[in-house]
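Next come the chains, spelled out residue by residue.
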Amino acid sequence: MKIAILPGDGIGPEIVAEAVKVLRALALPLEMETAPVGGAAYEAAGHPLPEATLRLAQQADAVLFGAVGDWKFDTLPRPLRPEQAILGLRQALGLFANFRPAICYPQLTHASSLKPELVAGLDILIIRELTGDIYFGQPRGRRSAPDGAFAGAEEAFDTMRYSRPEIERIARVAFEAARQRRGKVTSVDKANVLETFQFWKDIVTEVHRDYPDVELEHMYVDNAAMQLVKAPKKFDVVVTGNMFGDILSDEAAMLTGSIGMLPSASLNERGQGLYEPSHGSAPDIAGKGIANPLATILSAAMMLRFSLQQPEAAERIEAAVQKVLADGLRTADIASEGCTIVGTAAMGDAVVRALR
Ligand code: NAD
């Protein structure tokens, strides 16, 4: 089992080191190779996604990714910015399904800005389509002008599009995921206004015929945004397009109140995947040894489950994280009264001890 380790920038190297520590403690035959990505790669090799890094990712069964980005790269031309590495990897690996679980651990219900009874025991999965939608339509307003040059323009527009195969495959992924969970899919659209999303709704309904054991509901995106803060536990799997998924997955993440805890996965049709925490590179705390490594450690668990077919190892990691939290250990971002505050490395060590 070959894993490409891409730590990236900011807190990326610190949190990825802890996830690697946990993976090594499993004593599985894992072959791990590290390569630079993002701003670190730009500084080392002049490009955020060097050829060698891309090749390593393509040849691996899975990629464990830290985070990229730092304010110091904000003045670079867009194609050389660290964030381009993620887009490049998504495209080169054909990653089309983004899984963002939002889980509220019983020990952390106080971290949510919602009332504890609304979020206690929350466990929802947002599945965002990654390859279509308005992000990949024709940005025709920009076509005739160089990047960013809109001076004097009278209008700008982007086009929203989805193809039948793109909707069918993401719908199947959602129904399959629901089968492993509580058996309910909410498909989020804006079919009352947008043709693209009436098409989406019709196709999801068609694909559903193959999954009679799964409950399907359709919901408009504005209502979904409201329901997520009103009664989030009503959801199980939420499937939606690229733009709505971008927004709703961040909203769902915030229900848990602890961005440092949330893993994510992006998968292609062969089950190859890129696994990363939902948060960014947190340049404000980089190098201080205080970043929470749990989102990255839980991303490694998702990797074992979805790309490496090691569900038991994944469960062992998830149980170890629960135990560490139950023992009262916290990094500063999730600290509460009566808990023991530890740094990044100590948190990783505690998960390894709990594993053993
Ligand atoms: P961020 O997620 O990096 O940080 C937001 C806040 O959360 C900060 O206060 C940070 O200290 C805190 N935080 C984040 N992760 C934490 C952790 N593991 N432990 C403790 N605290 C944590 O978002 P931002 O500040 O908007 O962006 C910073 C940089 O990250 C930018 O350059 C941005 O482009 C980049 N970014 C990268 C990714 C990615 O690599 N996938 C995603 C989002 C943002």
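Here the structure is a predicted model, which is why all the values come from computation and not from measurement.

*Asks:* Give me the lowdown on the site of the ligand, citing residues and values where you can.
*Replies:* Near the ligand, the surroundings consist of 19 residues, among which Val 68, Glu 83, Gly 280, Ala 282 and Asn 292 are the closest. Between the ligand and Asp 70, the relevant distance is 3.4 Å, taken from an oxygen atom to a main-chain nitrogen or oxygen of the residue. Within the backbone of Asn 292, an N or O atom sits 2.9 Å from a nitrogen atom of the ligand. Out of a free accessible area of 810 Å², the ligand has 69% covered by protein chains. Grouping the amino acids of the shell around the ligand by side-chain chemistry returns 9 nonpolar, 5 polar and 5 charged.

*Asks:* How would you explain helix H4 (residues 84-93) if you had to name every residue and give the values?
*Replies:* Inspection of H4 places Ala 85, Ile 86, Leu 89 and Leu 93 among the buried residues, and these make up the whole buried set. Looking straight down H4, one finds its buried side chains confined to an arc of 100°; they lie on one side. Contacts from the buried residues of H4 go to strand S1 (2-8), helix H3 (51-59), strand S3 (62-67) and strand S10 (273-277). Following H4 by one or two positions, Gly 94 adopts a phi angle in the positive range, close to 65°.

*Asks:* How would you explain the environment of Phe 306 if you had to name every residue and give the values?
*Replies:* Secondary-structure assignment places Phe 306 in helix H11 (residues 294-306). With relative accessibility at 29%, the residue Phe 306 sits in the partly exposed group. Once the C-alpha coordinates of Phe 306 and Ile 3 are considered, the two residues, 303 residues apart in sequence, prove to be 13 Å apart. Excluding residues within four positions of it along the chain, Phe 306 makes contact with Phe 99, Leu 267, Gly 271 and Tyr 275.

*Asks:* Outline the pairing of strand S2 (residues 31-34), listing residues and values.
*Replies:* Where S1 and S2 come together, 4 bridges link them in parallel fashion. Residue pairing across strands places Lys 2 opposite Glu 31, the latter belonging to S2. Remark: the S1/helix H1 (residues 12-25)/S2 crossover connection has right-handed handedness.

*Asks:* Can you tell me about the packing of helix H7 (residues 164-179) against helix H8 (residues 195-208), naming the residues and giving the values?
*Replies:* Their axes nearest at 9 Å, the elements H7 and H8 cross at an angle of 50°. Judged on the interaxial angle alone, H8 and H7 are oblique. The way H7 lies across H8 gives a crossing that is right-handed. In contact with Arg 164, Ile 167, Glu 168, Ile 170, Ala 171, Arg 172 and Phe 175 of H7, H8 contributes Phe 199, Trp 200, Ile 203, Val 204, Glu 206, Val 207 and His 208.

*Asks:* Give me the lowdown on unusual backbone geometry, citing residues and values where you can.
*Replies:* Unusually for a residue other than glycine, Ala 27 sits at a positive phi of about 55°. Even without glycine at this site, Gln 309 takes up a positive phi of about 50°. Inspection of the secondary structure assignment puts Gln 309 in the loop between H11 and helix H12 (311-326). Residue Gln 309 is classed as exposed on the basis of its relative accessible area of 55%.

Scoring rules and cut-offs
Residues numbered from 1 in each chain as written. Predicted model: local features only at pLDDT ≥ 70, side-chain atom pairs only at ≥ 80, totals over all residues. Heavy atoms only, no water. Near = heavy atom within 4 Å. Polar contact = N/O pair within 3.5 Å; in protein donor to acceptor, adjacent residues only side chain to side chain. Areas by Shrake-Rupley, 256 points an atom, 1.4 Å probe, with all protein chains shown as cover. Nonpolar A, V, L, I, M, F, W, Y, C, P; charged D, E, K, R; others polar. Buried < 20%, exposed > 50% of the residue type's maximum accessible area, 1.4 Å probe, protein only. Helix = DSSP H or I, 4+ residues; strand = E, 2+ residues; numbered from the N terminus. Arc of directions from axis to C-beta. Contact = heavy atoms within 4.5 Å. Pairing = 2+ DSSP bridges. Right-handed = clockwise from strand over helix to strand, strands pointing away. Axes fitted to C-alpha atoms, helices over the stretch in contact; angles between N-to-C directions. Parallel < 35°, antiparallel > 145°, perpendicular 65-115°, else oblique. Left-handed = near helix turned anticlockwise from the far one by under 90°.

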